Amino acid sequence: MSYAGSRVVAVVNGKGGVGKTTITANVGGMLAAGGARVLLIDLDPQGNLAEELGYAGTDADDDGLALAQALAFSTTVTPRLGIRDHLDVLVGGSQLDMAAAGLTMRAHKDPAAAKTALADAIAGYVEDYDLVLIDCPPGQETLQQAALAAARWALIPVKTDASSRKGLRDVARRLEAVVDINPDLDLLGVVLFGVNRAARRVSDTARAAITADLGSPEVLFATAIRHAEAAAQETRDRGLLAYELEEAVLAAPKWYERLRGATAGQPAAGGEGPRSRSATGLAEDFQALGEEIIARLSHREAAATAVATTGGTR
Amino acid sequence: MSTDPAPSPRRALAGLPPRNGRPTAGVARLIRSNRADEPDATEAAPAELLGSRSTSPVVDPQAHGGTESQSPGVPKYLQLVRREARMHSGQVSELANLTRALNEARRGGGRSGVGERITDNTLVRVAVDLLLQDPQRLRGTTEDELRASVGLPPLEQATQDQP
């Protein structure tokens with residue numbers, strides 16, 4: 001038996017720039033490319049998921065207005081369908097600042113209703129998806145709590161620096177704030193993001209510190225997402241996910257082919273084309289992380305099913 | 001500028017077990033428990049439909065004076081009964097477009113405008129009343145037959161006709 005609630009994952013950390021949006025987009029995108037039905041929820045007023053997926057400024061991009069109205073006024077909101085095959089998005093953006101203010105006001109009157117605003121808004125279709133990933137804002141406590149109240153799992157990206165790890169402890173406090181209304185919320189894992197692969201000692205020190213903070217080495221994913229500045233920048237510039245950029249780079253003319261074309265009097269094909277070869281390593285990392293996430297979800301769902309079955313036969 | 005991704009990606013994540021059946025725990029359970037204080041469709045049905053066993057918390061707008069959406073102090077959702085329905089994806093997007101157009105016309109370029117906020121649910125209620133106005137017209141044993149009896153094209157054709 002599997003159940004819908006187990007497949008809503010809030011990607012959360014109280015600090016910005018730790019890879020929440022990039023991980024949300026790339027893991028979600030790769031799963032959708034594999035045929036899973038995926039919904040991404042951009043709960044960040046910065047709305048950067050739009051750049052990651054390339055719909056910024058298009059008709060699909062309402063700057064978070066529909067989602068903000070749903071949160072502030074307890075209405076439902078329809079996802080933008082087919083941003084990629086099998087991939088739908090609840091679009092975020094600056095309008096979510098208004099939603100955060102509205103939720104803060106609601107929280108004064110009815111704290112539980114403010115916390116469950118997102119869960120209520122997506123209740124009509126959340127079970128239609130194989131996986132739902134929520135890209136949480138770094139600040140905006142009410143929005144973070146709404147995300148955590150709607151989620152079964154929290155996935156926490158951190159960088160190796162101490163302030164990122166402090167953000168991790170802030171998340172623990174946010175988890176405690178919603179556990180009264182969402183006692184099933186659990187930690188899916190912590191993933192290191194933006195790791196310089198040459199700085200092995202820094203990475204090892206961070207792993208040890210996180211393990212000490214959380215009391216268990218098992219919560220850390222073995223995969224760390226590498227720092228690849230050029231590829232990260234080019235993916236956003238082109239609105240491509242890492243694996244899509246990798247494919248575009250591999251399909252683009254090689255340097256000698258471009259040179260040959262230029263000397264033969266043809267336009268320099270691909271002069272402005274994709275060129276970040278580090279996209280391959282980045283795509284490898286996201287694939288490995290996605291495989292670990294699938295394995296953890298499958299394992300924990302199987303364990304929950306076993307417990308439920310055992311309990312039911314007693 | 002966006003470059004189209006290749007049709008069959010080299011990297012794709014597979015192996016996530018597909019979901020089946022209705023949810024029994026997690027968020028759905030959470031949502032249900034959080035709605036414990038909110039009437040579900042059955043609980044909230046008007047008393048005259050359920051007889052004496054109903055303890056409907058739905059507020060009668062007439063008792064508060066004013067119109068359904070204007071009665072002071074009573075949120076509109078408390079005046080209405082929740083009834084969820086599955087719709088075709090084309091209907092959902094067309095309905096959203098229509099709602100948006102009506103609200104834009106209502107606001108006339110301003111922020112608030114006149115009248116009340118139109119939602120998808122508002123239009124669904126209007127459509128239901130339109131249907132219930134002359135229920136004898138409905139004839140048939142399939143959705144397509146029912147559609148034909150009220151002058152609508154078959155579903156497949158309607159889907160193709162949508163912009």
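Residues numbered from 1 in each chain as written. Chains lettered and ligands numbered in written order. Predicted model: local features only at pLDDT ≥ 70, side-chain atom pairs only at ≥ 80, totals over all residues. Heavy atoms only, no water.

## Quick notes on the overall build of chain A
Part 1 of the argument: From N to C terminus, chain A includes 13 helices and eight strands.
Part 2 of the argument: Put simply, of all contacts in chain A between residues at least 6 apart along the chain, 83% involve residues at least 24 apart.
Part 3 of the argument: Only carbon and sulfur atoms are counted for the fraction: they give 53% of the accessible area of chain A, which is about 12,600 Å². (Helix = DSSP H or I, 4+ residues; strand = E, 2+ residues; numbered from the N terminus. Contact = heavy atoms within 4.5 Å. Areas by Shrake-Rupley, 256 points an atom, 1.4 Å probe, with all protein chains shown as cover.)

## Concerning the overall build of chain B
Part 1 of the argument: Each helix and strand in chain B was counted, giving seven helices and zero strands.
Part 2 of the argument: Here chain B, with 163 residues, has 20% of them falling under the buried criterion.
Part 3 of the argument: Sequence separation of at least 24 residues holds for 27% of the intrachain contacts in chain B that already meet a minimum separation of 6.
Part 4 of the argument: If you sum the accessible surface of chain B, you get close to 11,600 Å²; carbon and sulfur atoms cover 54% of it. (Buried < 20%, exposed > 50% of the residue type's maximum accessible area, 1.4 Å probe, protein only.)

## A word on the packing of helix 7 (residues 141–150) of chain A against helix 8 (residues 162–178) of chain A
In helix packing, the relevant descriptors are the interaxial angle and the interaxial distance, both defined with respect to the helix axes.
Residues and elements named next belong to chain A.
Part 1 of the argument: The contact between helix 7 and helix 8 brings their axes to 9 Å, and the two run at 65°. Crossing handedness for the pair helix 7 and helix 8: right-handed. Across the interface between the two elements, Glu141, Gln144, Gln145, Leu148 and Ala149 from helix 7 touch Arg174, Leu175, Ala177 and Val178 from helix 8. (Axes fitted to C-alpha atoms, helices over the stretch in contact; angles between N-to-C directions. Left-handed = near helix turned anticlockwise from the far one by under 90°.)

## What to know about the side chain of Glu292(A)
Residue and element names in this part refer to chain A.
Part 1 of the argument: Topologically, Glu292 is positioned in helix 13 (residues 279–313).
Part 2 of the argument: One buried charged side chain, Glu292, makes no salt bridge at all; its nearest oppositely charged neighbour is Arg296, positioned 4.4 Å away.
Part 3 of the argument: Apart from residues lying up to four places away in sequence, Glu292 is in contact with Phe221, Ala222 and Thr223. (Lys, Arg positive; Asp, Glu negative; His and termini not counted. Salt bridge = Lys/Arg side-chain N within 4 Å of Asp/Glu carboxyl O.)

## Examining the packing of aromatic side chains
Residue and element names in this part refer to chain A.
Part 1 of the argument: Counting across every chain of the model gives zero aromatic pairs over all chains.
Part 2 of the argument: The ring of Trp153 has Arg152 sitting right over it, with the charged end atom 4.3 Å from the ring centre.
Part 3 of the argument: Sitting over the ring of Phe221, Arg296 keeps its end group 3.9 Å from the ring centre. (Phe/Tyr/Trp six-rings, centres within 6.5 Å; stacked < 30°, edge-to-face > 60°. Lys NZ or Arg CZ within 6 Å of the ring centre and 35° of its normal.)

## Things to note about the sheet that holds strand 2 (residues 38–42) of chain A
Residue and element names in this part refer to chain A.
Part 1 of the argument: The strand order across the open sheet built from eight strands is 3-4-2-5-1-6-7-8, with neighbouring strands paired in mixed fashion. Strand pairing shows two members of the sheet lacking a second neighbour, strand 3 (80–84) and strand 8 (225–226), which therefore form its edges.
Part 2 of the argument: Where strand 3 meets strand 4 (residues 87–90), two bridges bridge the pair, whose relative direction is antiparallel. Across the sheet, residue Arg80 finds its bridge partner in strand 4, namely Val89.
Part 3 of the argument: Sheet strands in contact with helix 1 (residues 20–33) are strand 1 (8–11), strand 2, strand 4, strand 5 (131–135), strand 6 (153–158) and strand 7 (186–195), and its direction is about 165° off that of strand 5.
Part 4 of the argument: Helix 8 rests against strand 6 and strand 7 of the sheet, and its axis sits at about 165° to strand 6. (Pairing = 2+ DSSP bridges.)

## Things to note about the environment of Asp285(A)
Part 1 of the argument: Of note, Asp285(A) is situated in helix 13.
Part 2 of the argument: Each C-alpha atom, one on Asp285(A) and one on Arg226(A), is 7.1 Å from the other, the two residues being 59 residues apart in sequence.

## Some points on unusual backbone geometry
Residues and elements named next belong to chain A.
Part 1 of the argument: In the Ramachandran plot, Asp63 falls in the positive-phi region, its phi being about 60° despite a non-glycine side chain.
Part 2 of the argument: As for its placement among the helices and strands, Asp63 is situated in the loop between helix 2 (49–53) and helix 3 (65–73).
Part 3 of the argument: Of note in this structure, Ser74 is not a glycine but carries a positive phi near 60°.
Part 4 of the argument: The residue Ser74 is located in the loop between helix 3 and strand 3 in this model.

## Structural notes on the nonpolar core
All names here are of chain A.
Part 1 of the argument: Ranked by size, the top nonpolar core spans 53 residues in total, and within it Ile41, Leu43, Leu67, Leu71, Leu118 and Ile134 carry the most contacts.
Part 2 of the argument: Examining the composition of this core, we find that six residues originate from one element, helix 7, more than from any other.
Part 3 of the argument: Sequence-distant contacts of Leu118, defined by excluding residues within four places in its chain, comprise Ile41, Leu43, Leu67, Leu71, Ile134, Ala146, Ala147 and Ala150.
Part 4 of the argument: Among the nonpolar cores identified, the runner-up in size contains 48 residues, and Ala50, Ile83, Tyr243 and Phe286 belong to it. (Core = buried A, V, L, I, M, F, W, Y, C linked by side-chain atoms within 4.5 Å.)

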